[in-house]
Amino acid sequence: MAEADKQREAWRLYRANWIPLAAMGAMLAGALALSHFSVAIDADLVTSLLVTAGLVISGRYLISRTWGTRSAFVLLAIAQLTVLGLFGAPLTYIAASANLPLQDASLAHLDQLLWLDWPAYYEFFVTRPVMLQYAVLFYAMILSPTLTVPIVLGFSKNYVRLQRFVLACTLTVCVTAVVSALVPAIGTYQQYGLPADSESFKAMGYLIQLERLPLARDGSLRILELSQISGIVTFPSFHAAAAILALWGFWAVWWLRPLALILNGGMLIATPLIGGHYFVDVFAGVALAALSICATDRSVWRKFATQHPAPRPAYSVPAESEIR
C-alpha cells in the first residue's frame, strides 16, 4: 500500500474509532443515570479532559501539515486511548455493583483441571526475592502502552496498525467490563489463604482490588474519583490482554521485537502473582486480546470507515471540509 493510501486509511479508521468510544460514553452516561453511582468532577478529571481536548486540537492541526503527519497520528491516538480510560474504568466499577456470586472456587477448579498449581507458583517467587523485584517491575509495564505504542507506531509510520491498536483496546475494555460483571472474583490470595502483603513483597494490584471491589459490590463505594479508580477485574485479566495488545503493536517494528517480548512476556508472568489472578484469568485475557486484534482486521468498523472523507496525503494540505 502506498504511503498516501496508508494515511488515508488510517484517517478513516481514526474517524470510525470514535463510534465505539461514543457508544461507551453513552453506556456510561446511561449506567450512571440508572444507578447510584456518580463521577466526581475533580482536578484530575478536568485536567484529563483539557489534555485530551488539546491533543485532539493539536492533532487535527498537524494532520494538514507536511511535517506534522507522524505527530498528528500519535497525539490523536493518545487522545482516544485517554478517553477509553476515562470511560472504561468507571464501567468496571458499575459492572461490579451487579454483585453476582463470586466465582473464585470455579476459577480455582479450572486451574486444577489444567494441572496448574497457583500456590506452588507463589512459593516459587517468594523464595526468590530477586525475581519478586522483577515481577513488580514487569507488572507495572501496563502503564506504558498508552504512550509508547502510539509513539512507536506513529513515528515509524505504522498509522493503520496504530488505529487498529486503538480499536482493539476499545473492544477489549468493553468485553472485559461485561464479562467481569458476569464472572466476578476476588482473586487468588483470599481463595488460597496466602499473604499478599509481607516483608518480601506486596501484591499491589491484588491489594487494591481487595480493598475496592467489595465496596463496589456492597454499595459502599458510589462516588468515583478519577485518581482513586484502579483495576478491580479478576476475570478476564486485563493485564494479560494489555500485554498481548502491546506486543502486537510493537511487533510492527522489527528491531523492537526482542525488547517487546521481554517486557510483555514478563508482564504475563508477573500477572498471576502481583495481580492475584488465576491462570485461567490470564488465558482468557490473552484470548480476548487476540480476538479483538482479529476483529479489527475484518470488523464492520473498518468497512464503515471507508464512508468517511479522508485528508489528502501529508505532502498536500487537506481541504478544510475534510478535517471537520
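Scroll up a little and you will see the structure.
Since this is a predicted model, take the numbers as computed values, not measurements. (Residues numbered from 1 in each chain as written. Predicted model: local features only at pLDDT ≥ 70, side-chain atom pairs only at ≥ 80, totals over all residues. Heavy atoms only, no water.)

Caption draft 1: Here's a closer look at helix α12 (residues 257-274). For α12, with 18 residues, the first-to-last C-alpha span of 25 Å sits near the 26 Å given by 1.5 Å per residue. The principal kink in α12, of about 25°, is found at Leu268, preceding the proline Pro272 by one to four residues. Of all the residues in α12, the buried ones are Ala260, Asn264, Gly266, Met267, Ala270, Thr271, Pro272, Leu273 and Ile274. A positive backbone phi angle near 65° is found at Gly276, which sits one or two residues after α12. (Helix = DSSP H or I, 4+ residues; strand = E, 2+ residues; numbered from the N terminus. Expected span 1.5 Å × (residues − 1). Bend = angle between axes of the 7 residues up to and from the residue. Buried < 20%, exposed > 50% of the residue type's maximum accessible area, 1.4 Å probe, protein only.)

Caption draft 2: Expanded view of empty space enclosed by the protein. Summed over the entire model, instances satisfying the criterion amount to 2 cavities of 30 Å³ or more. What the largest cavity holds in volume is close to 70 Å³. If you go around the largest cavity, the residues you meet are Thr92, Ala96, Ser180, Val183, Pro184, Ala185, Leu213, Ile232, Val233, Thr234 and Phe235. The class makeup of the residues in the lining of the largest cavity is 8 nonpolar, 3 polar and no charged. (1 Å grid on protein atoms, 1.4 Å probe; cavity = no way out; pocket = protein on both sides within 12 Å on 5 of 7 lines; lining within 4 Å. Points joined across faces, edges and corners; volume = space filled by probe spheres on them. Nonpolar A, V, L, I, M, F, W, Y, C, P; charged D, E, K, R; others polar.)

Caption draft 3: Structural view of unusual backbone geometry. Backbone torsion omega between Phe235 and Pro236 reads -5°, so that peptide bond is classified as cis. In this fold, Pro236 is placed in the loop between β2 (223-224) and α11 (238-250).

Caption draft 4: Structural view of the environment of Val74. Structurally, the position occupied by Val74 is in helix α3 (residues 69-96). Judged by relative accessible area, which is 5%, Val74 ranks as buried. Separated by 168 residues in the primary sequence, Val74 and Ala242 place their C-alpha atoms 19 Å from one another. Setting aside chain neighbours within four positions, we find Val74 in contact with Pro150, Ile151, Gly154, Phe155 and Leu162. (Contact = heavy atoms within 4.5 Å.)

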